[in-house]
Amino acid sequence: MPKNKGKGGKNRRRGKNDSDDKRELIFKEDEYAQVLRMLGNGRLEAHCMDGVKRLCHIRGKMRKKVWVNTGDIVLVGLRDYQDEKADVILKYMADEARSLKAYGELPENIRVNDTDALNEEEGGENDDYIDFDDISGEGGWRVLTLRCSGAVVRGGWGV
């Protein structure tokens, strides 16, 4: 059986992630966008600040190193030859996005890194619930009311 002559294993080769330091805030080169949904395969759908929805591609340097989620603010590079597509250049952290909003780079109606803001209805609160009602009387019926994403389903059964 061979002896281990190395200086550590996979974790040592991978290195340490010391990203506690503040990085310099990068301002607009092309366009700011907010991620609407992740599509998979390094692609996402984003709403750019010029009012256009674009299909964006995460550049190879960012893939599997910087994780982009729904609601994140990203810097995208527009393509000269395709207006409906763009490339994600940089993902802003939450504090960087808030400072961009404070500097006036982002519109006031944008919610920074808030995933519920994209899926929120007019009511402003989560309306999903399950309600069990006991209707005592003849037959002893139980009623189940289920409300999920605006649809209401009611059902009953006898005891």
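Whatever comes next refers back to the structure up there.
Residues numbered from 1 in each chain as written. Predicted model: local features only at pLDDT ≥ 70, side-chain atom pairs only at ≥ 80, totals over all residues. Heavy atoms only, no water.

## A word on the overall build of the protein
Scanning the protein from N- to C-terminus turns up 3 helices and 8 strands. Along its sequence from the N terminus, the protein presents helices and strands in the succession α-β-β-β-β-β-α-α-β-β-β. Residues classed as buried in the protein amount to 23% of the 159 residues present. Expressed as a percentage of contacts within the protein between residues at least 6 apart in sequence, the contacts between residues at least 24 apart total 41%. If you sum the accessible surface of the protein, you get close to 12000 Å²; carbon and sulfur atoms cover 47% of it. (Helix = DSSP H or I, 4+ residues; strand = E, 2+ residues; numbered from the N terminus. Buried < 20%, exposed > 50% of the residue type's maximum accessible area, 1.4 Å probe, protein only. Contact = heavy atoms within 4.5 Å. Areas by Shrake-Rupley, 256 points an atom, 1.4 Å probe, with all protein chains shown as cover.)

## Quick look at the pairing of strand 1 (residues 31-40)
Of the strand pairs in this sheet, strand 1 and strand 4 (residues 73-78) are connected by 4 bridges, and their pairing is antiparallel. Bridge assignment links Gln34 to a residue of strand 4, and that residue is Ile73. With 6 bridges connecting them, strand 1 and strand 2 (residues 43-48) associate as antiparallel partners. Among the inter-strand pairings, Ala33 is bridged to a residue of strand 2, identified as Cys48. Following strand 1, the chain reverses through 2 residues before pairing antiparallel with strand 2; Asn41 in that reversal takes a positive phi of roughly 60°. (Pairing = 2+ DSSP bridges.)

## Description of unusual backbone geometry
Positive phi outside glycine occurs at Asn41, with the angle close to 60°. Relative to the assigned elements, Asn41 resides in the loop between strand 1 and strand 2. Since its relative accessible area comes to 60%, Asn41 is described here as exposed. For Lys64, which is not a glycine, the phi torsion comes out positive at approximately 65°.

## Some remarks on the environment of Tyr32
Examined against the element boundaries, Tyr32 turns out to sit in strand 1. Relative accessible area serves as the criterion here: at 1%, Tyr32 is assigned to the buried category. With 73 residues separating them along the chain, Tyr32 and Glu105 place their C-alpha atoms 8.6 Å apart. When residues no more than four places from it in sequence are discounted, the contact partners of Tyr32 are Ile26, Phe27, Cys48, Met49, Val74, Leu75, Tyr92, Leu100, Glu105 and Leu106. At 3.2 Å, the side chain of Tyr32 and the side chain of Glu105 are in polar contact. (Polar contact = N/O pair within 3.5 Å; in protein donor to acceptor, adjacent residues only side chain to side chain.)

## Quick notes on the sheet that holds strand 5 (residues 85-91)
Overall, mixed pairing links the 5 strands, which are arranged 1-2-3-5-4 in a closed barrel. Averaged over all neighbouring strand pairs, the angle between strand axes comes to 50°, with direction disregarded. (Axes fitted to C-alpha atoms, helices over the stretch in contact; angles between N-to-C directions.)

## What to know about the environment of Ala97
Within the secondary structure, Ala97 sits in helix 2 (residues 94-102). Using a relative accessible area of 0% as the deciding quantity, one classes Ala97 as buried. In the structure, Ala97 is positioned 25 residues away from Asp72 in sequence and 8.6 Å away in space, judged by C-alpha atoms.

## Focus: the pattern of salt bridges
Within this structure, the stated rule accounts for 5 salt bridges. Of the charged contacts, one joins Arg79 and Asp87 as a salt bridge, the two residues approaching to 2.8 Å between their closest N and O atoms. What makes Arg79 partly exposed here is its relative accessible area of 21%. By relative accessible area, Asp87 is classed as partly exposed at 26%. (Salt bridge = Lys/Arg side-chain N within 4 Å of Asp/Glu carboxyl O.)

## What about the pairing of strand 4?
Counting buried residues along strand 4, 5 of its 6 residues qualify, which places the element largely inside the surrounding structure. Relative to strand 5, strand 4 runs antiparallel, the two sharing 5 bridges. Note on strand 5: the bridge partner recorded for Leu75 is Leu90. Between the antiparallel neighbours strand 4 and strand 5 lie 6 residues.

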